[in-house]
Amino acid sequence: MKRIAYLCLSEGWGGLEMNQLRNAQQMKSRGYEVLLIVNLESPIQRAAKLADIPLYTVAQKPKHYQWCFALKLALFLAKQSYHHLLFRNNREQSIAASVAFFSRGKIKTHYFMEMALGGKRTHFYRTWRYAFLSTWVCPLPYLKAQVLQQTRIAKHKVKEIPSGLIFKPEGFVDKTNARMDLQWPLDKKLIVVVGRIDPKKQQAFIWDCFKQRTKTDEYLIFVGESTPDEASVYFMNLREKVDVHPKNRQVIWAGFHEKMELVYHAADVVISAADKETVGMVTLEALQNNCPVLGVNNGGSKEIIELFGGGLCFELNSAASLSNGIDQILAGAFPALNKPDFEQHFDFNRVCSQVETEVLALDAPIFK
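All figures in this text were calculated on a predicted structure; none of them were measured in a lab.

Moving on, we get to the packing of helix H1 (residues 15-29) against helix H2 (residues 43-50). In contact at an axis separation of 11 Å, H1 and H2 are set at 30 degrees when each is read in the N-to-C sense. Taken together, H1 and H2 sit at an angle that is classed as roughly parallel. In the crossing of H1 with H2, the sense of the turn from one axis to the other is right-handed. When H1 is examined against H2, the residues Glu17, Gln20 and Leu21 are found in contact with a partner set consisting of Ile44, Ala47 and Ala48.

Now the structure itself:
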């Protein structure tokens, strides 16, 4: 039986961490022995405990050149017969490469890309580091093209495997009941922003656009919190700006939600405004729950919407384009989601089968 270790040293709780846990859960359900390597008292550790995922807890920050930690980890994994190490945080690349080096290649390391490259990555030390990775997995076509253009990693190591989604049978809660459960207005247009309150997510830009809109039947709802291990100055400043504005009664601070399907079913539109959002998990989850998306015209959201429909894109940092996009989506003037293709492409069973064949080098399907 294959044993798979998942590395996640982040103290945050966002799409990257959730995806790492979801994938561990799915592979465990397919019969694999999985292990999640996390920091003590981190959000992912608490979530993994609830999900009954085996844990190896450490006290380590995700940063480069941690050879002592990597050696200790390599010895532990080898002793426990874990021959595959999967990770998603680019700040863990050095650790993973060192684990492969210290194990003399017996532990295969696999990078599932969820963070943008940010430009050329062709320096000698990066190329040398990438050489120790067994596979580099890209969730969308544009990211695969980017990796091949901006790095010198061997072409055969670069794979395209989408992020997995679990599709439930129809019969989900309707819009009215979702809003009642959330205690949100029943008779208003709800414009929802999902994600951590962070400058990269552009909540302040969305607020600046919303406050200029003159319609009184619209509410702007922020779903998310500040990253636990980062300063919340941005959140505090934004909250102060909203509180002193006459439209503050049309803004709801919903905080973090466990049952996100209720949020997506309650929303009239979800906005994804982050510049160059690598994967666009909010976009994927909104479309999964039949909620239209207004995404910025670059990165993962753009690619997903162009491939499968279900929303529109707006020009980066253009309040006029964003506002016009809101109007179009609220009016129903956007391409419908190609649901059969979307579900087939992102189905978790298909994703796991690809991981088995293209990452773990197994014959598939191994498990039904």
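Position of Glu218 relative to the elements: it lies in strand S9 (residues 218-223). Here the side chain of Glu218 touches Arg213 through a polar contact of 2.7 Å, side chain to side chain. The residues contacting Glu218, other than those within four sequence positions of it, are Lys189, Ile191, Phe210, Arg213, Gln250 and Leu330.

Two modes of strand pairing occur in sheets, parallel and antiparallel, and in both the strands are linked by backbone hydrogen bonds. One open sheet accounts for six strands, arranged S10-S9-S8-S11-S12-S13; its pairing is parallel. Among the strands making up the open sheet, the edge pair consists of strand S10 (251-255) and strand S13 (311-314). Pairs of neighbouring strands in the sheet enclose a mean axial angle of 25 degrees, with direction left out of account. Where strand S8 (residues 189-194) meets strand S11 (residues 269-272), three bridges bridge the pair, whose relative direction is parallel. When the bridges of S11 are listed, Val193 appears paired with Ile271.

Moving on, we get to the pairing of S11. Burial of S11 is two-sided: the residues Val269 and Ile271 facing one way and the residues Val270 and Ser272 facing the other way are all buried. As paired strands, S11 and strand S12 (residues 293-296) are joined by three bridges and run parallel to one another. Paired with Ser272 across the strands is Gly295, a residue of S12. Between the parallel pair S11 and S12, the chain is carried across by helix H11 (residues 281-288), and the sense of this crossover is right-handed.

It is worth spelling out the environment of Lys247 at this point. Within the secondary structure, Lys247 is located in the loop between helix H9 (233-243) and S10. A relative accessible area of 9% means that Lys247 is categorised as buried. For Lys247 and Phe210, which are 37 residues apart along the polypeptide, the C-alpha to C-alpha distance reads 9.0 Å. If we skip the residues at most four places from it in the chain, Lys247 touches Trp207, Phe210, Lys211, Arg213 and Lys215.

What counts as what
- Residues numbered from 1 in each chain as written.
- Predicted model: local features only at pLDDT ≥ 70, side-chain atom pairs only at ≥ 80, totals over all residues.
- Heavy atoms only, no water.
- Axes fitted to C-alpha atoms, helices over the stretch in contact; angles between N-to-C directions.
- Helix = DSSP H or I, 4+ residues; strand = E, 2+ residues; numbered from the N terminus.
- Parallel < 35°, antiparallel > 145°, perpendicular 65-115°, else oblique.
- Left-handed = near helix turned anticlockwise from the far one by under 90°.
- Contact = heavy atoms within 4.5 Å.
- Polar contact = N/O pair within 3.5 Å; in protein donor to acceptor, adjacent residues only side chain to side chain.
- Pairing = 2+ DSSP bridges.
- Buried < 20%, exposed > 50% of the residue type's maximum accessible area, 1.4 Å probe, protein only.
- Right-handed = clockwise from strand over helix to strand, strands pointing away.

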